[in-house]
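# Topology and contacts: notes
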Amino acid sequence: MHLFATPNLLVLNVGFLLFYIFLFFFAKWIKGMFSSYNLDAQLTEYDNNAVSVSVAGYFIGVTAIFIGAFSETSPVAQLLDDGTREVVDIALDRDTLIEFLEVAGYSLAGVFLLLLARLINQKMILTKFSVDKEIIGDQNPGTGVVEGATYVASGLIIGGAVHGEGGGPITALVFYLLGQLCLVLFAQLYAKLTPYDLHDEIEKDNTAAGLGFAGGLISIGVIVMRAVSGNFSSWAEDLATLGFDILIIFVYLIAIRFIFDRFVVRNSNLNTEIAEDHNLGAGLLEMVVSISFSAVLYFVL
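Because the structure is a prediction, the values reported are computed rather than measured.

### Let's talk about the overall build of the protein
- Helix and strand counts for the protein come out as 13 helices and zero strands.
- Going residue by residue from the N terminus, the α and β elements of the protein occur as α-α-α-α-α-α-α-α-α-α-α-α-α.
- In the protein, 80% of the contacts between residues at least 6 apart in sequence involve partners at least 24 apart.

### Some words on empty space enclosed by the protein
- In this structure the tally under the stated criterion is one cavity of 30 Å³ or more.
- By volume, the largest cavity is sized at about 60 Å³.
- Contributing to the lining of the largest cavity are R118, N121, Q122, L126, V131, E147, T150 and Y151.
- Every element with two or more residues in the lining of the largest cavity is listed here: α5 (94-124) and α7 (141-161).
- Residues belonging to the lining of the largest cavity are distributed by class as follows: three nonpolar, three polar and two charged.

### A closer look at the packing of helix α10 (residues 207-228) against helix α13 (residues 280-300)
- Close contact between α10 and α13 brings their axes to 7 Å; oriented N to C, the two are set at 5°. On the basis of the axis angle, α10 is roughly parallel to α13.
- Split by residue class, the contact of α10 with α13 holds 14 nonpolar, eight polar and two charged.

### A closer look at the pattern of salt bridges
- Here the structure, examined in full by the defined rule, presents seven salt bridges.
- Measuring nitrogen to oxygen at the nearest pair gives 3.4 Å for the salt bridge that ties K204 to D200.
- E201 is the partner of K204 in a salt bridge, and the nearest nitrogen-oxygen pair spans 3.5 Å.
- Within this structure, R118, D132 and E147 form a network of salt bridges that share partners.

### Description of helix α8 (residues 169-193)
- Between its terminal C-alpha atoms α8 stretches 36 Å, which fits the 36 Å expected from 25 residues at 1.5 Å a residue.
- All of the buried residues along α8 are T171, A172, F175, Y176, G179, Q180, C182, L183, V184, F186, A187 and Y190.

### Brief notes about α10
- For α10, with 22 residues, the first-to-last C-alpha span of 31 Å sits near the 32 Å given by 1.5 Å per residue.
- Extensive coverage of α10 is indicated by the burial of 21 of its 22 residues.
- A side-chain oxygen of the first residue of α10 lies 3.1 Å from the backbone nitrogen of A208; this N-cap is N206.

### Some thoughts on the nonpolar core
- One finds Y58, F213 and L217 to be the most contacted residues of the largest nonpolar core, which totals 80 residues.
- Examining the composition of this core, we find that 14 residues originate from one element, α10, more than from any other.
- For L217, the residues in contact, after removing those within four places along its chain, are I125, V146, A149, T150, A153, L183, F186 and A187.

### Describing the packing of aromatic side chains
- Across all of its chains, the model carries 18 aromatic pairs by this definition.
- Between F26 and W29, the ring centres sit 6.0 Å apart and the planes meet at 40°, which makes this aromatic pair tilted. Here F26 pairs with W29, and both are found in helix α1 (residues 7-34), just three residues apart, close to one helical turn.
- Taking the ring centre of Y58 as reference, the NZ or CZ of K31 above it sits at 5.3 Å.

### Notes on the packing of α7 against α8
- In contact at an axis separation of 8 Å, α7 and α8 are set at 150° when each is read in the N-to-C sense. One way to sum up the angle between α7 and α8 is to call them roughly antiparallel. Like other packed secondary-structure pairs, α7 and α8 cross with a definite hand, here right-handed. Between α7, through A153, S154, I157, I158 and A161, and α8, the contact on the second element is made entirely by A172, F175, Y176, G179, Q180 and L183.
- Looking at the contact of α7 with α8 residue by residue, the class counts come to eight nonpolar, three polar and no charged.

Cut-offs and rules
Residues numbered from 1 in each chain as written. Predicted model: local features only at pLDDT ≥ 70, side-chain atom pairs only at ≥ 80, totals over all residues. Heavy atoms only, no water. Helix = DSSP H or I, 4+ residues; strand = E, 2+ residues; numbered from the N terminus. Contact = heavy atoms within 4.5 Å. 1 Å grid on protein atoms, 1.4 Å probe; cavity = no way out; pocket = protein on both sides within 12 Å on 5 of 7 lines; lining within 4 Å. Points joined across faces, edges and corners; volume = space filled by probe spheres on them. Nonpolar A, V, L, I, M, F, W, Y, C, P; charged D, E, K, R; others polar. Axes fitted to C-alpha atoms, helices over the stretch in contact; angles between N-to-C directions. Parallel < 35°, antiparallel > 145°, perpendicular 65-115°, else oblique. Salt bridge = Lys/Arg side-chain N within 4 Å of Asp/Glu carboxyl O. Expected span 1.5 Å × (residues − 1). Buried < 20%, exposed > 50% of the residue type's maximum accessible area, 1.4 Å probe, protein only. Polar contact = N/O pair within 3.5 Å; in protein donor to acceptor, adjacent residues only side chain to side chain. Core = buried A, V, L, I, M, F, W, Y, C linked by side-chain atoms within 4.5 Å. Phe/Tyr/Trp six-rings, centres within 6.5 Å; stacked < 30°, edge-to-face > 60°. Lys NZ or Arg CZ within 6 Å of the ring centre and 35° of its normal. Left-handed = near helix turned anticlockwise from the far one by under 90°.

In structure tokens:
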């Protein structure tokens, strides 16, 4: 449907766009404040591709958070969802200002939760080496890809947690923590089911291993976003739904990797291609297949 840009609606749209631009640069600034290295120097002076990939994932995560917050409370999003084709307008009144501030508040809080997720993921996903050492000292692209994927996955989870009606900051925080727990559990399960030493391969600058792992992390983020989003009904009902969806995706993604290994890479072995040959194509294909199937599952669930 096409929503006619009345003056008040145009002003509000511009306001949201300007806030997103502010959020984008605020997120970059606050990341630089909490980083152990000079972000601008790594991106330009040292041409550090590992940092570039990680930061790219961070910005995707920030964008996912904004979209989740916007689609929950924005009067613009509500008009787009109601199916009307009439000329509509929005009053720039106190209620509209409150809704705008809610989007801003959830988005800004989400950026800090994303930085918290980085600490959680470094301690509980990439546990066998220093992520900062690999990204800054060794400029390890495989580690950069994985950290970028954790930003994307966590951003999707946060965006899902703040999306929907009937809840509030407490419910959003609880579902964020549960989503992060699911991400960590999947990462540990993936590492145990992989025949090669995942951490060792990533530490050895094996970008193919990083790509395959990154695809699984983003896939979990997509489905957890689906599971934690929507209107809040009750703790019992929503937690049961979350548990059911997570169980499905765990089994589903493990089955997809098995199918990919047996039927997509038919003339070789996926683990051999990644661990021994460092085949970027194989790692990229695993990543794309995982994300593609999770995207389909997002709409089927």
